[in-house]
Every structure is written in C-alpha cells, then in structure tokens.
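# Structural description and commentary
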Amino acid sequence: STKTAFHRSQTLGYRNGYAIVRRPTVGIGGDRLQFNQLSQAKLDELASKAPVLTYGQPKQAPPADFIPAHVAFDKKVFLESQGIELNPPEKMALDPYTELRKQPLRKYVTPSDFDQLKQFLTFDKQVLRFYAIWDDTDSMYGECRTYIIHYYLMDDTVEIREVHERNDGRDPFPLLMNRQRMPKVLVENAKNFPQCVLEISDQEVLEWYTAKDFIVGKSLTILGRTFFIYDCDPFTRRYYKEKFGITDLPCIDVNKQEPPPVKQELPPYNGFGLVEDSAQNCFALIPKAPKKDVIKMLVNDNKVLRYLAALESPIPEDKDRRFVFSYFLATDMISIFEPPVRNSGIIGGKYLGRTKVVKPYSTVDNPIYYGPSDFFIGAVIEVFGHRFIILDTDEYVLKYMESNAAQYSPEALASVQKHVRKLEAPASESESKQTEKDPGVQKLEALIDTVQKQLKDHSCKDNIREAFQIYDKEASGYVDRDMFFKICESLNVPVDDSLVKELIRMCSHGEGKINYYNFVRAFSN
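Presented here is an overview of the structure given in this document. (Residues numbered from 1 in each chain as written. Predicted model: local features only at pLDDT ≥ 70, side-chain atom pairs only at ≥ 80, totals over all residues. Heavy atoms only, no water.)

### Observations regarding the overall build of the protein chain
Secondary structure assignment for the protein chain yields 15 helices and 18 strands. For the protein chain, the proportion of its 525 residues judged to be buried stands at 25%. The long-range share in the protein chain, meaning contacts at least 24 apart out of those at least 6 apart in sequence, stands at 47%. Accessible area for the protein chain stands at about 40300 Å²; split by element, carbon and sulfur atoms hold 53% of it. (Helix = DSSP H or I, 4+ residues; strand = E, 2+ residues; numbered from the N terminus. Buried < 20%, exposed > 50% of the residue type's maximum accessible area, 1.4 Å probe, protein only. Contact = heavy atoms within 4.5 Å. Areas by Shrake-Rupley, 256 points an atom, 1.4 Å probe, with all protein chains shown as cover.)

And the structure:
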C-alpha cells in the first residue's frame, strides 16, 4: 500500500536540565516500530553460538578505526570507483628552508678565501656595458629588438635594459630583467626546482655567469631568451684587454639590409576586355577607367578611315562576302560591318563592334594593336583568328595618308594612290565614250556653247549656281519645275528666249524635275 505519512517524531528531550534520548515509536508511513527486535542474521548467530562464561572485570570495547576526512572523501577513491584511471601520485617539492632545519645546528665549513669586501671596494661603480639584440622574427608577430646588458663587477650581477625608440608603439618600461645574479649551470636535482615560486639559492647552482661569459660576437641565453652581443663600450674593451688579453673585440653590424623591392607583375591576361581595363583591378581596390589621350580625341574627333575587305577563307560561300572596316582615329578602335546581300543566305549587319584589335604576333603581356599604317591595299588583317584582305578604300583615306605620309611606308602610300588612279581612269574614259556615242549629249553640249556665247554679258551669271544649291538641300542636282522658274525669275534669266527654252527642255528629267547642273553651265565660264 502507498505510504502517505512521512512525519518523524522528535527524538531529543530535556528533563531537569539533562538531555534525554527518546526512541521513536512510529516510523515512516505511520508503521509502529518494534523494540529490541533482532535481525534474522543476529538470531542465526545467537542460535549457533556456544555460551562461554568469563569471569573478571569487563573490558571496554576497542574504538573504531579513525578515518580522516581527506581520506574518506578522497577524489581518487571516488574516481577509481567510477572506473577512471589516475596517474600515480607525485612527490612534493622539497622546501630548502625545511631541509636546512633538518641539518645539525653546529656544522663546520671551511671559510672561502674569496674576499667579497675587497671585490666591492675594487670594482665599485665599474660596469661592463654590452649591446645585444633578441631576434624573434621566426615566431608569429616576432621582431628584432635591441637591448643593453649591464654586468656589475662589484657583485657579479646582471641587468638587462630595453632600448626604446621614438614612436615605437611600446610602453617606456625601462627594465627587461632587474639586477640579479644569473645561474649558468644548475645541479642535477634542481631541474624540477619550482623557480616560479621559490628563489634559487647557492645550493641549486653549480656555476654562475661571470664576465668571461659575455663575449662580443657570441650568443647568450638568459631566462629563455637568446641574446646576440654585437658591440660594447670603450671601458669594456679596456677591461677585456687588461683582464683576459682579448684585444680584437669586433663591432658587428646587425642592421638588416632591406630586401630588394618586389617587382610588381601583372597577372596573366584572362582574355576578357582590353588589357588596360583588366590591369586597373591590380592598381586600386575600386578600379578606375584607364586614362585617355584627350588631345588626340579632340584632334581626331569624327575622323574615320574606311576600307573594303574580303574574307580569306577556304569555304566557298565566304569568297564573295565583303566587309567594311572602319578605323576610328580618336580611339584607335576598329569596327567591321558586313553589307547585307540579297538572297546570299548570310545575314549581314554588324560583324564586330568598336574594339582594339591585337596583332597576331604580339604577346599577351605587351599587346600591339593595329594602327592606321597597317591598312593599305593588299594588307592582311587578322581579327581574332579571321584573316581579311584590304581591297579598296575611299578618297578620304588617300588624303589622310598624303597629309600624314610620315606614318606610312612608301609602298603603302603608293599602293593606295595607284588603286585610286585605276578607279578614276575608267570613269573618265566611259564618260568620253558616252559623249562620243550619244548624239543627244553632243547636241546638249553644242547648245550650251551657243547659249554661253549669246548671253556672255548677261547680268544673271553671278551666283546662279549658289541660288540653286540653296534650294537643293539633298545635293541631288535636281530642283522642282516651279522652284526652277521662280529662281530664274528672281535672277532675271531670259526664259522666254528660244535657245533657253530649248535648254530647259533638254535639262528636264521626268515629271516636275529639272537638272540645273547642265543649265548652270550655260551661264558660267
């Protein structure tokens, strides 16, 4: 059954000022406790035990074994009971003072013949000064720092001072190590000596640092730091010369030479954009556009050299394709346009946008771009793996080449001049042949000569050409019929003359259009 009453009755009382122990009669749950009730084990022990009668004074039972609290509550016992293995206990470090107290009071020691008072009086205020460095550059954030080591001859003590420079970023703490004697060799048992809490006495030291241990050009380990002595003062040099006979103490230069400047090399070109644009990512965190030649852009603004080229390709369909190269003098960029050809099966239009084209034999790190001098009749231009042959050009290119002949080779200039002359010669011949073959043209020329002779003194000859050109905004050479007669009326042209009427009839072109070019020839010289 479930127990509900957990009250424990009071077991301590007082009577007449004395404490009386009350045995509880009711246990947990309200169950009544039995008095003098032995356990089953004790009843079995009494049943099998033979009675032994003893006579004499009763003896007191021995006390229970005393277990100290640090043993009863030992962590080692608890951890081992949980299955955790511990290392064996270590011996406690010996206290030098306690060991000294264990020695007998009277102990006779032969006194030393070294006179410390004489040393003090002889070497008082005499200090050896050494200049040393501590090179800790091998560790992370380490650096090479300078120190001054003082060795006091009066008591063989050593002091280490830091050398502070202006704006070195360190607190002006004067001493790295306070003045004290430095042990050089310790006894074998002193390796485990707790130096961090106890001072080292003469009993743990076999040999101390002396003046002969400080030599210029050698390293010295003090308190775990290796100091390199590179110089000393004049007094120290005289002392070593008189005391130890060392005369050639060097002065070592410990200033580290600055490494040669690292050559700033640009990473290899990745092929995207221009080399100048890609290089800006290496010059600044936020790249800027490369500087442009403003003077060149202003001088050569809107100056474009155009060339006609053919594609050099083994594919038969590409042999008849023609391309127009446009070279922009302001930016040295090239654009390629393919005129669309009807029923050719090839979509024309923009073939290459404005960009600088690199020559095939130039390197990636030092690109050489195509310039105006590379374009002439018969030149081969390679654009991103495609080869083009220059076939033709316009008169503006010839004028530019003649005005800037220093930029071009004589062969290039001669090739363009020769090509332009070939184009002009057939045109003049065709015009002369057409004049000879066409009788209408001959009649027009004769009529123009007759009108010139008849109206050579007429006042309308002045500015007649300019008047027609003002109204011919498209520069086609034709004006409307109504506009033609208005202009003639304003200039007092005798349009009622029979010869002039015949000239107007012959200059008429289609319906409502008159070719004023041939008409003006009759009124000019």
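### Some thoughts on helix H13 (residues 481–490)
Inspection of H13 places Phe484, Ile487 and Cys488 among the buried residues, and these make up the whole buried set. In an axial view of H13, the angular spread of the buried residues amounts to 100 degrees, which keeps them on one side of the axis. More than 90 degrees from the buried face of H13, the exposed residues found are Asp482, Lys486, Glu489 and Ser490. For H13, the elements touching its buried residues are helix H12 (464–471), strand S17 (478–480), helix H14 (498–507), strand S18 (513–515) and helix H15 (516–521). Looking one or two residues beyond H13, the residue adopting positive phi is asparagine 492, at roughly 60 degrees. (Arc of directions from axis to C-beta.)

### Regarding the pairing of strand S5 (residues 157–162)
The element S5 is largely enclosed, with a buried count of five among its six residues. Here six bridges tie strand S4 (residues 144–152) to S5, and the two strands are oriented antiparallel to one another. Looking at the pairing, isoleucine 149 lines up with isoleucine 160 of S5. What sits between the antiparallel neighbours S4 and S5 is a turn of four residues, in which aspartate 156 has the positive phi angle 60 degrees. Note: S5 against strand S6 (residues 175–180), three bridges, orientation antiparallel. (Pairing = 2+ DSSP bridges.)

### Here we look at the packing of aromatic side chains
Taken as a whole, this structure holds 17 aromatic pairs when the rule is applied. Grouping aromatic residues by their ring pairs yields a cluster made of Tyr307, Phe323, Phe325, Tyr327, Tyr351, Tyr370, Phe375 and Phe388. The positively charged end of arginine 225 is found above the aromatic ring belonging to tryptophan 134, 4.1 Å away from the centroid. Over the ring of phenylalanine 328 we find arginine 354, and its NZ or CZ is 3.7 Å from the ring centre. (Phe/Tyr/Trp six-rings, centres within 6.5 Å; stacked < 30°, edge-to-face > 60°. Lys NZ or Arg CZ within 6 Å of the ring centre and 35° of its normal.)

### Considerations on the sheet that holds strand S11 (residues 304–312)
Two modes of strand pairing occur in sheets, parallel and antiparallel, and in both the strands are linked by backbone hydrogen bonds. Spatial ordering of the open sheet is given by S14-S13-S12-S11-S16-S15, a layout of six strands whose pairing is antiparallel. One side of each edge strand has no neighbouring strand; the edge strands of this open sheet are strand S14 (349–355) and strand S15 (380–383). Adjacent strand axes in the sheet meet at a mean angle of 30 degrees, parallel and antiparallel pairs treated alike. Most of the contacts of helix H9 (residues 395–403) go to S11, to which it runs at about 115 degrees, and overall it touches S11 and strand S16 (386–393). (Axes fitted to C-alpha atoms, helices over the stretch in contact; angles between N-to-C directions.)

### Observations regarding the nonpolar core
Formed by 27 residues in total, the largest nonpolar core has its most connected members in Leu305, Phe325, Ile334, Ile336, Phe375, Val383 and Phe388. At the level of secondary structure, the elements contributing two or more residues to this core comprise S11, strand S12 (322–328), strand S13 (333–338), S15, S16, H9 and helix H10 (410–437). Beyond its immediate stretch of four places on either side in the chain, phenylalanine 325 contacts Leu305, Arg306, Tyr307, Ala309, Ile334, Ser335, Ile336, Phe375, Ile381, Val383 and Phe388. Counting 25 residues, the second-largest nonpolar core is a separate cluster that includes Tyr147, Met177, Ala211 and Leu249. (Core = buried A, V, L, I, M, F, W, Y, C linked by side-chain atoms within 4.5 Å.)

### Overview of the sheet that holds strand S3 (residues 127–135)
Strand order across the open sheet formed by six strands is S6-S5-S4-S3-S10-S9, with antiparallel pairing between neighbours. Only two strands of the sheet have a single neighbouring strand rather than two, namely S6 and strand S9 (219–222). Averaged over all neighbouring strand pairs, the angle between strand axes comes to 35 degrees, with direction disregarded.

### Topic: a nonpolar patch on the surface
Residues Val294, Ile295, Leu298 and Val299 make up a contiguous nonpolar surface patch of roughly 430 Å² in combined accessible area. Inspection of the secondary structure puts valine 294 in helix H8 (residues 294–299). (Patch = residues over 30% accessible without salt bridge, like charges linked within 9 Å, V, L, I, M, F, W, Y side chains within 5 Å. Salt bridge = Lys/Arg side-chain N within 4 Å of Asp/Glu carboxyl O.)

### Focus: the packing of H12 against H13
Any two packed helices are characterised by how steeply their axes cross, that is the angle between the axes, and by the distance between the axes. Viewed as axis vectors pointing N to C, H12 and H13 meet at an angle of 145 degrees, and their least axial separation amounts to 11 Å. For H12 against H13, the interelement crossing comes out right-handed. Between H12 and H13, the contacting residues are Ala467, Phe468 and Tyr471 on the first element and Met483, Phe484, Ile487 and Cys488 on the second. Looking at side-chain class alone, the contact of H12 with H13 contains seven nonpolar, no polar and no charged residues. (Left-handed = near helix turned anticlockwise from the far one by under 90°. Nonpolar A, V, L, I, M, F, W, Y, C, P; charged D, E, K, R; others polar.)

The values reported here are purely geometric and, on their own, carry no functional implication.
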